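Fold and geometry: a report
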Amino acid sequence: LRPTTDEIFRECPQFRILVIGKTGVGKSSLINHAFGVQNATTSHDRPGEASIDHEFISPQNDRFVLHDSKGFEPGSEDNLKTVRDFIDQRRAKPDLKDQLHAVWLCFEIPRAGGRLLETGVEQFLTSKRKGELGNIPIVVVFTKYDTLLDRMERTLDKSSLKGLSKEAIQELTKKIAKDKLQDVCITPLEKFTGSDIPHVTISTNGNHEETLALLIQTTEGLVCKHVGIDASVMTSVAQRVDPGLKIKASIEVGKRKYWKALASSVPFKNRSMWDCLHVLHTDIINVWNFQDPHGVIAILIVAVACF
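Small disclaimer: the values here were computed from a predicted structure and weren't measured. (Residues numbered from 1 in each chain as written. Predicted model: local features only at pLDDT ≥ 70, side-chain atom pairs only at ≥ 80, totals over all residues. Heavy atoms only, no water.)

**Here's the deal with the nonpolar core**
- Counting residues in hydrophobic clusters, the biggest one holds 38 residues, and the most contacted among them are Phe15, Phe64 and Trp104.
- Excluding anything up to four places from it in sequence, phenylalanine 64 contacts Gln14, Phe15, Ile31, Phe35, Val37, Phe56, Ile57, Ser58 and Ala238.
- Of all hydrophobic cores here, the second largest spans 34 residues; its members include Leu100, Leu117, Phe124 and Ile136. (Core = buried A, V, L, I, M, F, W, Y, C linked by side-chain atoms within 4.5 Å. Buried < 20%, exposed > 50% of the residue type's maximum accessible area, 1.4 Å probe, protein only. Contact = heavy atoms within 4.5 Å.)

What follows is the structure in structure tokens.
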């Protein structure tokens, strides 16, 4: 009996993502939180390694590969060409494991009067809209949502807050922030791109974990639709913010070969129950992708299952 994940990992052992954004937009923090690592650094933090071709693989989570690119600042036509060429080269790769599976285009939410889309960004999004970048999933990520909330709370008329509970003030702040986000981010983006390119607003602040989960869910759905099932499974395996996607991927992996055949018992003929449970257990452990170098968590799960 061979775990189904062995077959998937052979075809696509890692989720490969390109993250684009200016210095200070919060890319390193985003990667650290989304994939449960502590040492992800963008190319701007690694002098001499500022190449988009550089593969960052964390020893804390080797199920994703990060490619990093600086944003499309004014006068950065060379970087725009570099990103386009990189995407084209990855599209031409014959093997799924070498292809690019998703792109996160990151922006810090601008203050009032700030411009969201520079010329280079518009050109990049135009290339996507025209189909010049193929089906590669692109998600626009608005970062530092918590900073926006702080700014909006400071603008509240304190006299109008008398008698309101803390929860009521928080909801009022969120509503004002939502309106501001629509005005300075979403409207300018959709005016240029329509609804073809999804956007997610995130914060890596501990009080906003649901925003990261939404980003991962959005990405996984696009990867499944435009890249393939194996790549979407690896998206779920690599991420460490949404347990629901782990469960979904476990079901997807299991039903391919073993779980759906339990009734007929064909794959398990002449096998002991322990053999059957062991291969299912291995698939589940692989999908959950625990940071467990000594196998302690796996042993505990087996112990719980036995008793």
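**Regarding the pairing of strand S5 (residues 138-143)**
- The buried count for S5 comes to six of six residues, which makes it a mostly enclosed element.
- Residues Ile138, Val140 and Phe142 point to one face of S5 and Val139, Val141 and Thr143 to the other, with burial holding for every one of them.
- As defined by bridge partners, strand S4 (residues 102-108) adjoins S5 across six bridges and the pair is classed as parallel. Bridged to valine 103 within S5 is isoleucine 138.
- As defined by bridge partners, S5 adjoins strand S6 (residues 199-201) across three bridges and the pair is classed as parallel. Note that in S6 the partner of phenylalanine 142 across the bridge is threonine 201. (Helix = DSSP H or I, 4+ residues; strand = E, 2+ residues; numbered from the N terminus. Pairing = 2+ DSSP bridges.)

**A short note on the environment of lysine 174**
- Among the structural elements, lysine 174 can be located in helix H6 (residues 166-193).
- Assessed through its relative accessible area of 39%, lysine 174 is described here as partly exposed.
- Considered as a pair, lysine 174 and leucine 149 are 25 residues apart in the sequence and their alpha carbons are 6.7 Å apart.
- Ignoring anything within four residues of it in the chain, the contact list for lysine 174 reads Tyr145 and Leu149.

**Quick look at the packing of aromatic side chains**
- Under the defined criterion, the tally for this structure stands at six aromatic pairs.
- Summarising the aromatic geometry, the rings of phenylalanine 72 and phenylalanine 124 are spaced 5.1 Å apart at their centres and angled 35° between planes, so their arrangement reads as tilted. With a gap of 52 residues between them, phenylalanine 72 in the loop between strand S3 (61-69) and helix H3 (77-91) and phenylalanine 124 in helix H4 (residues 119-129) connect regions that are remote in the sequence. Phenylalanine 124 matches phenylalanine 72 in its accessibility class, with the two residues each being buried.
- The interplanar angle of 40° and the centroid separation of 6.3 Å between the aromatic rings of phenylalanine 107 and phenylalanine 142 together place this pair among those described as tilted. Within this pair, whereas phenylalanine 107 is found in strand S4, its partner phenylalanine 142 is found in strand S5, the two being separated by 35 residues in sequence. Just as phenylalanine 107 is buried, phenylalanine 142 falls in that class too.
- One aromatic cluster is present, formed by Phe15, Phe35, Phe64 and Trp104 through successive ring pairs.
- Against the face of phenylalanine 9 rests arginine 63, its NZ or CZ located 3.8 Å from the ring centre. (Phe/Tyr/Trp six-rings, centres within 6.5 Å; stacked < 30°, edge-to-face > 60°. Lys NZ or Arg CZ within 6 Å of the ring centre and 35° of its normal.)

**Side note on the packing of H3 against H4**
- Between H3 and H4, whose axes approach to 10 Å, the crossing angle comes to 20°. As judged from the angle between their axes, H3 and H4 are roughly parallel. Crossing hand, H3 versus H4: right-handed. Of the residues in H4, those touching H3 at Leu80, Val83, Arg84 and Ile87 are Gly120, Gln123, Phe124 and Ser127.
- For the contact of H3 with H4, the per-class residue count stands at four nonpolar, three polar and one charged. (Axes fitted to C-alpha atoms, helices over the stretch in contact; angles between N-to-C directions. Parallel < 35°, antiparallel > 145°, perpendicular 65-115°, else oblique. Left-handed = near helix turned anticlockwise from the far one by under 90°. Nonpolar A, V, L, I, M, F, W, Y, C, P; charged D, E, K, R; others polar.)

**What to know about the side chain of arginine 90**
- Tracing the backbone shows arginine 90 in helix H3.
- The class of arginine 90 is buried, set by a relative accessible area of 11%.
- Discounting chain neighbours no more than four positions away, the residues touching arginine 90 are Arg16, Glu55, His67, Asp98, Gln99 and Leu100.

**Considerations on the sheet that holds strand S1 (residues 15-20)**
- The mixed open sheet is built from six strands, whose spatial order is S2-S3-S1-S4-S5-S6. Each edge of the sheet is formed by a strand with only one pairing partner; in this case those strands are strand S2 (56-58) and S6. For this sheet, the mean angle separating the axes of adjacent strands, direction not counted, is 30°.
- In this fold helix H2 (residues 27-34) packs onto S1, S3, S4 and S5, with an angle of close to 130° to the strand it touches most, S4.

The analysis is restricted to geometry; functional conclusions fall outside its scope.
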